[in-house]
Amino acid sequence: MPPQNEQTAASSLLRKVTKTLRGTMDAAQYKSIVLTLLYFRFLSLEFEQARRRTEAEGLRDEHLLHGAGGPRWVPPLARWDTLIRRVRDPDDDPVTALDEALDAMRRSEGDLADLFPPANALIGGLRRSQVTELFTLLDEPLDAASYENLLGEFARFEGKKGGEFHTPRSVVRLLVETLQPERGRVYDPCCGSGGMLIQSARFVVERGGDPDADLAYYGQEVNAGSWKLARMNLHVNGVPADLRRADVLERDPSARLKADWVLANPPFNMRDWARNEGDLRWRYGVPPRTNANFAWLQHAVDKLSDQGSAGLVLANGSLSSKQMGEGEIRRAMVEDDLVACVVALPAQLFSSTLISACVWFLTKDKSPQGKAGLADRRGQTLFVDARGMGDLVGRAHRVLTDSHRSEIAGVYHAWRGTGRRGDVYKDVPGFCRSVGGDEVRRNQYILTPGRYVGEAPAAGSAPGEGQADELIFELERELLELLERSDQLARQIRLHLDT
């Protein structure tokens, strides 16, 4: 979980904004207003801090700030102090003041122009007292980490729609702490608001590295709103990413890119995606049009360097589905020795869906890798059943705590030989087990961890209890996916009726 003070600042701001704007507009509009204005304020604050440093060094020409490596140039009319003074001036019109400020910023920094809608679209429907109160709320200091946490708060606030732009922080951190992206290129093909890239940069800092020099960041996102959020979020958090807007399954705009780390949380069980049967990325089989899970997996494999590793969050159905060729694709990937580890996640980690989820960790090279001296894991797959982990926060939301993530990642590092010196991997009944290819074949390439790790020993457990739990788990998964599908169909029917 993020530090309590960061979480509290974001939660507190969202509560106050909700109280101020309630009844005036749909809740989903709050996000656009607040995050856009906070970003606008950030640009001004970044510029002012640089200007003061320059003045302290005896330089008075603020235009010298503008250039490579310097902050964005913020014209006087667009500076936050000017704007908030005008907003509070009873003789000035706040919509006009904001419109002039945004227009000045668009003309100064043309590549940011599409991030700033007309002022009327942001605050045009608010009463004057609401505008004044809103700007007062946004005038309070909010650091980069809190900006990202605020995205998470909005995602929970929006429920199902929030999953389009945000992955829960505890899940992102699990991927980062397991793969440890410290040097090279890190890539997210469906980056939402950029959380995977930001947490990768923070991981480098935590290890004492230089996030600008040690990692290069690449991201793609098809949703225009999420793409804009990612640009703002990455800038506020100081992560210089090559970020493109693209439907990467239809056409990869970075076809030559090979990444050392691929981190992704694609949409679960995405239907009606832009499938090209002749796409060279489908080397293990053409994924079905009705589900893109194996398209995302194969795209990740295609992007990996020779010794690269990937972590993808997918619906649990990807572990066992045999429909429309998915079983054959999974078999081919296992036989090519790509699957390093599968983790079954606890339920209720995602506020956007009831579907149970897992993490696929893929790697191109399970050998000791020469001087790296890793454990030789060729022909083996590590299964981790973490369904019993996670703490409830609120009635229906669960998070993986620091100790839970550390335990899962620690098992992986001990297994792979990337942990602390002296760490030795051991199977733990009910939690983790390293399995050879023959056993996976006997299980018809079904990769559900519970099938391999068995039950933890417990006094009084009845024979066959483990199989019963596994069956219940599978039935629950199928039921949740059917309920999700039912919701999708109901939405489509309503849409047709409305038209």
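Please read these numbers as outputs of a predicted model, since none were measured by experiment.

The rules behind the values
Residues numbered from 1 in each chain as written. Predicted model: local features only at pLDDT ≥ 70, side-chain atom pairs only at ≥ 80, totals over all residues. Heavy atoms only, no water. Pairing = 2+ DSSP bridges. Helix = DSSP H or I, 4+ residues; strand = E, 2+ residues; numbered from the N terminus. Axes fitted to C-alpha atoms, helices over the stretch in contact; angles between N-to-C directions. Buried < 20%, exposed > 50% of the residue type's maximum accessible area, 1.4 Å probe, protein only. Lys, Arg positive; Asp, Glu negative; His and termini not counted. Salt bridge = Lys/Arg side-chain N within 4 Å of Asp/Glu carboxyl O. Polar contact = N/O pair within 3.5 Å; in protein donor to acceptor, adjacent residues only side chain to side chain. Contact = heavy atoms within 4.5 Å. Expected span 1.5 Å × (residues − 1). Parallel < 35°, antiparallel > 145°, perpendicular 65-115°, else oblique. Left-handed = near helix turned anticlockwise from the far one by under 90°. Nonpolar A, V, L, I, M, F, W, Y, C, P; charged D, E, K, R; others polar. Core = buried A, V, L, I, M, F, W, Y, C linked by side-chain atoms within 4.5 Å.

J.: Could you give an account of the sheet that holds strand 4 (residues 259-264), naming the residues involved and the relevant values?
T.: Spatial ordering of the open sheet is given by 3-2-1-4-5-7-6-8-11, a layout of nine strands whose pairing is mixed. A strand with exactly one partner marks an edge of an open sheet, and here the two such strands are strand 3 (241-245) and strand 11 (432-436). Across this sheet, the average inter-strand angle for adjacent strands is 15 degrees, counted without regard to direction. Where strand 6 (residues 339-344) and strand 7 (residues 357-363) come together, five bridges link them in antiparallel fashion. Bridging across to strand 7, Cys-341 finds its partner in Phe-361.

J.: Describe in detail the side chain of Arg-398, supporting the description with residues and values.
T.: By the secondary structure assignment, Arg-398 is in strand 10 (residues 398-399). Buried within the structure, Arg-398 lacks any salt-bridge partner; Asp-391 is the closest side chain of opposite charge, at an N-O distance of 5.9 Å. Only 3.1 Å separates the side chain of Arg-398 from the backbone oxygen of Gly-390, close enough to count as a polar contact. Excluding residues that lie within four positions of it along the chain, Arg-398 makes contacts with Pro-346, Ala-347, Gln-348, Leu-349, Met-389, Gly-390, Asp-391 and Leu-392.

J.: Describe the pairing of strand 7, and please don't skip the residues or the numbers.
T.: Among the seven residues of strand 7, seven are classified as buried, and the element is accordingly described as predominantly covered. Along strand 7, one buried face is formed by Ala-357, Val-359, Phe-361 and Thr-363 and the opposite face, lined by Cys-358, Trp-360 and Leu-362, is buried too. Looking at chain direction, strand 5 (residues 304-315) and strand 7 are connected through seven bridges and run antiparallel. Bridged to Ala-315 within strand 7 is Ala-357.

J.: How would you summarise helix 7 (residues 144-158) if you had to cite specific residues and measurements?
T.: With 15 residues, helix 7 should reach 21 Å at 1.5 Å per residue; the first-to-last C-alpha distance of 22 Å fits that figure. The first or second residue beyond helix 7 is Gly-159, which carries a positive phi of 65 degrees.

J.: Before we move on, could you go through the pattern of salt bridges and cite the residues and values that matter?
T.: The full count for this structure, using the stated rule, is 27 salt bridges. Arg-183 is the partner of Asp-214 in a salt bridge, and the nearest nitrogen-oxygen pair spans 3.3 Å. With Asp-214 in helix 10 (residues 211-214) and Arg-183 in the loop between helix 8 (169-179) and strand 1 (184-188), this pair connects stretches of sequence that are 31 residues apart. Of the charged contacts, one joins Arg-281 and Asp-279 as a salt bridge, the two residues approaching to 2.7 Å between their closest N and O atoms. If you follow the salt bridges from partner to partner, you end up with Arg-173, Glu-177, Glu-206, Asp-402 and Arg-405 in one network.

J.: So what about the pairing of strand 6? Which residues, and what values?
T.: Side-chain positions along a regular strand alternate between the two faces of the sheet. Burial of strand 6 is extensive: six of the six residues sit out of reach of the surface. In this sheet, strand 8 (residues 380-385) lies alongside strand 6 in parallel orientation, the contact comprising four bridges. Bridge assignment links Val-343 to a residue of strand 8, and that residue is Val-384.

J.: Before we move on, could you go through unusual backbone geometry and cite the residues and values that matter?
T.: Within the chain, Asp-337 stands out as a residue other than glycine whose phi angle is a positive 60 degrees. Within the element layout of this structure, Asp-337 appears in the loop between helix 13 (326-335) and strand 6. Residue Tyr-445 is not a glycine yet carries a positive backbone phi of 65 degrees.

J.: Which residues make up the side chain of His-166, and what values go with them?
T.: As for its position among the elements, His-166 is in the loop between helix 7 and helix 8. Every residue in contact with His-166, bar those within four places of it in the chain, is listed here: Leu-151, Gly-152, Ala-155 and Ser-193.

J.: For the packing of helix 12 (residues 293-303) against helix 13, give the residues involved together with the corresponding values.
T.: Interaxial distance between helix 12 and helix 13 falls to 11 Å at its minimum, and their mutual angle equals 25 degrees. By the criterion of interaxial angle, the relationship of helix 12 to helix 13 is roughly parallel. Considering only the axes of helix 12 and helix 13, their crossing is left-handed. Where helix 12 approaches helix 13, its residues Phe-294, Leu-297, Gln-298 and Val-301 are matched on the opposing element by Glu-326, Ile-329, Arg-330 and Met-333. Its residues placed into classes, the contact of helix 12 with helix 13 shows five nonpolar, one polar and two charged.

J.: Describe in detail the nonpolar core, supporting the description with residues and values.
T.: Membership of the largest hydrophobic core comes to 51 residues, with the highest contact counts inside it found for Tyr-39, Leu-83, Leu-98, Phe-116, Phe-135 and Leu-150. Every element with two or more residues in this core is listed here: helix 1 (4-21), helix 2 (27-56), helix 3 (80-88), helix 4 (94-108), helix 5 (119-123), helix 6 (128-138), helix 7 and helix 11 (224-236). In terms of residues, this core owes the most to one element, helix 2, which gives 11 residues. The contact partners of Leu-83, leaving out residues within four places of it in the chain, are Phe-40, Ala-97, Leu-98, Ala-101 and Phe-135. Formed by 49 residues, the second largest nonpolar core is a distinct cluster that contains Val-176, Ile-198, Trp-227 and Ala-386.

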